[in-house]
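Each chain, letter by letter, is given below.
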Amino acid sequence: MRKKIAAGNWKMNTTLDEGLKLASEVVHMAKDESLSETTIMMSVPYTHIESIKKTIGNATNVFIAAQNCHQELSGAYTGEISAAMLQNLGVDCVVLGHSERREYYKETYAELESKTQIVLKHQMTPIFCCGEKLATREENAHFDLVKEQLSSSLFELDAVEFAKVIIAYEPVWAIGTGVTASDEQAQEMHHFIRHTIAKNYSDSIAKQIPILYGGSVKPANAQTLFSCPDVDGGLIGGASMDAQGFIDIAKSF
Ligand code: 13P
């Protein structure tokens, strides 16, 4: 049985005060019996990590993620954050290769490969994002692109390391647009990703890797998306900014 995961990506939103209020509501609502088997994650600004860790306390189903980390161990990289710094704060997961970072900060396949490796070396779980822009889908090149994103940055990992990764498929045209991939489109790509993993590693590894869908997930569409056989949960942007809405999504499995 793969984990069921509802991960909120807060992006560059909330002051510390606002973030603490949101996190404490989420942690409180996550105590609901029906969520005991669901992994609830919040990917928060760096400035919030230490305080939100305290808010999470000993909750067993709530985890904290960072939204990026630098690919070098340490050094003269003004404004950056290292894997060791995140590990030291007790961060569980690190979102890597979000399309906003690929687009605005020109993150390359090689950098994402190094980031994935350094996150794993520091005993944290990468949440590796992939996904195509609309033009790529219209050219029917979306499967090739996603395969390239995975193979260029992940497939040098050995099987033991690769088996620790979480994948998030986030079609860029669905992020923040209100346009969600249809259940068929999501399932088709998630199945393709799992098949690609099976070919490069093994069936048993492919079966155990959680693959999340991201892009305009809302309480109203989460249930049908999450019922697709290869969709193991969501990476949720806008709708994770409201505790009740986010928890409703987490209850959609
Ligand atoms: P939205 O849910 O706001 O579309 O954002 C998705 C996303 O980018 C999560 O990482």
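This section reports on the structure supplied with the text. (Residues numbered from 1 in each chain as written. Predicted model: local features only at pLDDT ≥ 70, side-chain atom pairs only at ≥ 80, totals over all residues. Heavy atoms only, no water.)

1. Quick look at the sheet that holds strand S4 (residues 93-96)
Link 1 in the chain: Taken in spatial order, the 8 strands close into a barrel running S1-S2-S3-S4-S5-S6-S7-S8, and their pairing is parallel. Geometrically, the sheet is characterised by an average inter-axis angle of 25 degrees between neighbouring strands, direction not taken into account.
Link 2 in the chain: Pairing of strand S1 (residues 4-9) with strand S2 (residues 38-43) involves 6 bridges; the strand directions are parallel. The residue of S2 that forms the bridge with Lys4 is Thr38. (Pairing = 2+ DSSP bridges. Helix = DSSP H or I, 4+ residues; strand = E, 2+ residues; numbered from the N terminus. Axes fitted to C-alpha atoms, helices over the stretch in contact; angles between N-to-C directions.)

2. Section: the nonpolar core
Link 1 in the chain: By size, the foremost hydrophobic cluster in this structure holds 67 residues, and its most contacted members are Met42, Phe162, Ile167 and Ile193.
Link 2 in the chain: At 6 residues, the largest contribution of residues to this core is made by helix H9 (residues 183-200).
Link 3 in the chain: Once residues within four sequence positions are removed from consideration, Phe162 is found in contact with Leu154, Phe155, Leu157, Ile167, Ile197, Tyr201, Ile205 and Ile209.
Link 4 in the chain: Core analysis: the next-biggest nonpolar cluster, separate from the first, contains 12 residues, Cys129, Ile166, Ala168 and Leu212 among them. (Core = buried A, V, L, I, M, F, W, Y, C linked by side-chain atoms within 4.5 Å. Buried < 20%, exposed > 50% of the residue type's maximum accessible area, 1.4 Å probe, protein only. Contact = heavy atoms within 4.5 Å.)

3. Points about the site of the ligand
Link 1 in the chain: Near the ligand lie 13 residues; those nearest to it are Lys11, His98, Gly176, Ser216 and Gly238.
Link 2 in the chain: In this structure, Ser216 approaches the ligand through a main-chain N or O atom, which is 2.8 Å from an oxygen atom.
Link 3 in the chain: Interatomic distance of 2.8 Å between a backbone N/O atom of Gly238 and an oxygen atom of the ligand.
Link 4 in the chain: In isolation the ligand exposes 310 Å². Once the protein is present, 95% of that is buried.
Link 5 in the chain: For the shell around the ligand, the residue count by class is 4 nonpolar, 7 polar and 2 charged. (Near = heavy atom within 4 Å. Polar contact = N/O pair within 3.5 Å; in protein donor to acceptor, adjacent residues only side chain to side chain. Areas by Shrake-Rupley, 256 points an atom, 1.4 Å probe, with all protein chains shown as cover. Nonpolar A, V, L, I, M, F, W, Y, C, P; charged D, E, K, R; others polar.)

4. Considering the pairing of strand S8 (residues 233-236)
Link 1 in the chain: Alternating residues of S8 divide into Gly233 and Leu235 and Gly234 and Ile236, and every residue in both groups is buried.
Link 2 in the chain: As paired elements, S1 and S8 share 4 bridges and run parallel to each other. When the bridges of S8 are listed, Ile5 appears paired with Gly233.
Link 3 in the chain: As paired strands, strand S7 (residues 211-214) and S8 are joined by 2 bridges and run parallel to one another. Paired with Gly214 across the two strands is Leu235, which belongs to S8.

5. Side note on helix H12 (residues 243-250)
Note that an α-helix has 3.6 residues per turn; residues three or four places apart therefore point the same way.
Link 1 in the chain: Among the 8 residues of H12, 6 are classified as buried, and the element is accordingly described as predominantly covered.
Link 2 in the chain: Turning to H12, the residues buried within the fold contact S1, helix H1 (16-29), S2, helix H11 (219-226) and S8.

6. Brief notes about helix H7 (residues 142-153)
Link 1 in the chain: For H7, built from 12 residues, the straight-helix expectation of 16 Å at 1.5 Å per residue is met to within 8% by its first-to-last C-alpha distance of 17 Å.
Link 2 in the chain: For H7, the full list of buried residues reads His142, Val146, Gln149, Leu150 and Ser153. Down the axis of H7, the sector holding all buried residues measures 95 degrees, keeping them to one side.
Link 3 in the chain: Elements in contact with the buried residues of H7: helix H4 (99-104), helix H5 (109-121), strand S5 (125-130), helix H6 (134-138), strand S6 (166-169) and H9. (Expected span 1.5 Å × (residues − 1). Arc of directions from axis to C-beta.)

7. A closer look at the packing of aromatic side chains
Link 1 in the chain: Across all of its chains, the model carries 7 aromatic pairs by this definition.
Link 2 in the chain: Pairing Phe162 with Tyr201 gives two aromatic rings, centres 4.3 Å apart and planes at 10 degrees, and the pair type is stacked. Here Phe162 is found in helix H8 (residues 159-162), whereas its partner Tyr201 is found in the loop between H9 and helix H10 (203-208), with 39 residues between them in sequence.
Link 3 in the chain: On the basis of relative accessible area, Tyr201 is assigned to the buried category, the value being 17%. (Phe/Tyr/Trp six-rings, centres within 6.5 Å; stacked < 30°, edge-to-face > 60°.)

8. Details of the pattern of salt bridges
Link 1 in the chain: Applying the stated rule across the entire model yields 11 salt bridges.
Link 2 in the chain: For Asp232, the salt bridge identified is with Arg194, shortest N-O distance 2.8 Å. Note that Asp232 is positioned in the loop between H11 and S8 and Arg194 in helix H9, a separation of 38 residues in sequence.
Link 3 in the chain: Among the charged side chains, a network of salt bridges with common partners joins Arg2, Arg194, Asp230 and Asp232. (Salt bridge = Lys/Arg side-chain N within 4 Å of Asp/Glu carboxyl O.)

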